[in-house]
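Survey of secondary and tertiary structure
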Amino acid sequence: MFEIGDKIVYPIHGAGVIVDIKNKVILGEKKEYFVLKIPVNEMKVLVPIGSMDSVGIREIKTPEEMDRVLDVLKDTTIEKMPNNWNRRYRFHQDKIKTGDLEEIAKVIKNLECLDREKALSTGERKILNNARQIILSEMVLVYDKTYDEVVEIVDKTMEEGCLQGVKGEE
């Protein structure tokens, strides 16, 4: 069981620190919640303690595990993606839903590199921003750096990763 001060990941929103435990009555039912402060946008999220396993709450990664995520961003191999933006949207959404940081890093790399070649659709831009928030929030906690420092690390890493260009599926 987690406690105040622990660093955890709420897959939908990213990583944060448990800052409080609150009891709330919602729809006539009293439940206990962790108050999670996420370093990106200083957002606070209530996480129902009773359903933590079902929503995929986990501890943050180690620095070594996070280094592997940076390796994915740096890798110049770009995945083949559907040419149709709607199929690409679903393709990337499915990767984010896995909660696997290396898969989410692939989404960032795919969309960042694609954006350098042509403008992303509004939906793809939203997915990219969401994927970045998930990765950046955890990196802030893992590397104990500011948000701006982590953005700089990711952006520099992406420069190397987007050298080859993007190829779609036929």
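Before reading further, recall that the structure is shown in the block above.
Scope of this entry: the structure provided in the associated data block. Keep in mind that this is a model prediction, so the values were computed, not measured.

Some remarks on the overall build of the protein
Of the regular secondary structure elements, the protein holds 6 helices and 5 strands. What you see for the protein is a C-alpha radius of gyration of 17 Å, in line with the 15 Å of a compact globule of 170 residues. Counting only C-alpha atoms and orienting by the principal axes, one finds that the protein spans roughly 50 × 35 × 25 Å. Looking at the protein as a whole, 44% of its 170 residues are labelled buried. Of all intrachain contacts in the protein linking residues separated by at least 6 positions in sequence, the fraction that spans at least 24 positions is 59%. By element, 47% of the accessible surface of the protein is carried by carbon and sulfur atoms, the whole surface being about 9500 Å².

Remarks on the packing of helix α2 (residues 63–74) against helix α5 (residues 122–143)
Each packed pair of helices is defined by two parameters, the angle between the axes and the distance between the axes. Where α2 meets α5, the closest approach of the two axes is 10 Å, and the angle between their N-to-C directions is 140°. Comparing their axes, α5 and α2 come out oblique. The handedness of the crossing between α2 and α5 is left-handed. Where α2 abuts α5, its residues Pro-63, Met-66, Asp-67, Val-69 and Leu-70 lie against Ile-135, Glu-138, Met-139, Val-142 and Tyr-143. Here the contact of α2 with α5 is composed, by residue class, of 8 nonpolar, no polar and 2 charged.

What about unusual backbone geometry?
The phi angle at Leu-27 is positive, at roughly 55°, despite the residue not being glycine. Looking at the secondary structure, you find Leu-27 in the loop between β2 (14–26) and β3 (29–38). Taking relative accessible area as the criterion, Leu-27 reaches 88% and is therefore assigned exposed. Of note in the backbone geometry, Asp-144 takes a positive phi value of approximately 55° without being a glycine. If you trace the backbone, Asp-144 turns up in the loop between α5 and α6 (147–161).

A look at the layout of surface pockets
In this model, the largest pocket occupies a volume close to 160 Å³. Together, Pro-11, Ile-12, Val-55, Ile-96, Lys-97, Gly-99, Asn-130 and Ile-134 line the largest pocket. Listing elements by their share of the lining of the largest pocket, those giving two or more residues are α3 (85–97) and α5. Split by residue class, the lining of the largest pocket holds 5 nonpolar, 2 polar and 1 charged. Here the lining of the largest pocket spans two domains, and each of domain 1 (6–59) and domain 2 (63–163) adds at least three residues to it.

A word on the nonpolar core
Soluble globular proteins tend to pack their nonpolar side chains together in the buried interior. Counting 48 residues, the largest nonpolar core has Val-47, Ile-135, Met-139 and Val-154 as the members making the most contacts within it. When contributions to this core are tallied by element, the ones reaching two or more residues are β1 (7–10), β2, β3, β4 (43–48), α2, α4 (101–117), α5 and α6. For this core, the element with the highest residue contribution is α5, accounting for 11 residues. When we break this core down by domain, the ones giving at least three residues each are domain 1 (6–59) and domain 2 (63–163). Setting aside its immediate chain neighbours within four residues, Met-139 contacts Met-66, Val-69, Leu-70, Asp-144, Val-150 and Val-154.

Criteria and thresholds
Residues numbered from 1 in each chain as written. Predicted model: local features only at pLDDT ≥ 70, side-chain atom pairs only at ≥ 80, totals over all residues. Heavy atoms only, no water. Helix = DSSP H or I, 4+ residues; strand = E, 2+ residues; numbered from the N terminus. Rg over C-alpha atoms; globule rule 2.2 N^0.38 Å. Buried < 20%, exposed > 50% of the residue type's maximum accessible area, 1.4 Å probe, protein only. Contact = heavy atoms within 4.5 Å. Areas by Shrake-Rupley, 256 points an atom, 1.4 Å probe, with all protein chains shown as cover. Axes fitted to C-alpha atoms, helices over the stretch in contact; angles between N-to-C directions. Parallel < 35°, antiparallel > 145°, perpendicular 65-115°, else oblique. Left-handed = near helix turned anticlockwise from the far one by under 90°. Nonpolar A, V, L, I, M, F, W, Y, C, P; charged D, E, K, R; others polar. 1 Å grid on protein atoms, 1.4 Å probe; cavity = no way out; pocket = protein on both sides within 12 Å on 5 of 7 lines; lining within 4 Å. Points joined across faces, edges and corners; volume = space filled by probe spheres on them. Domains from an automatic or database assignment. Core = buried A, V, L, I, M, F, W, Y, C linked by side-chain atoms within 4.5 Å.

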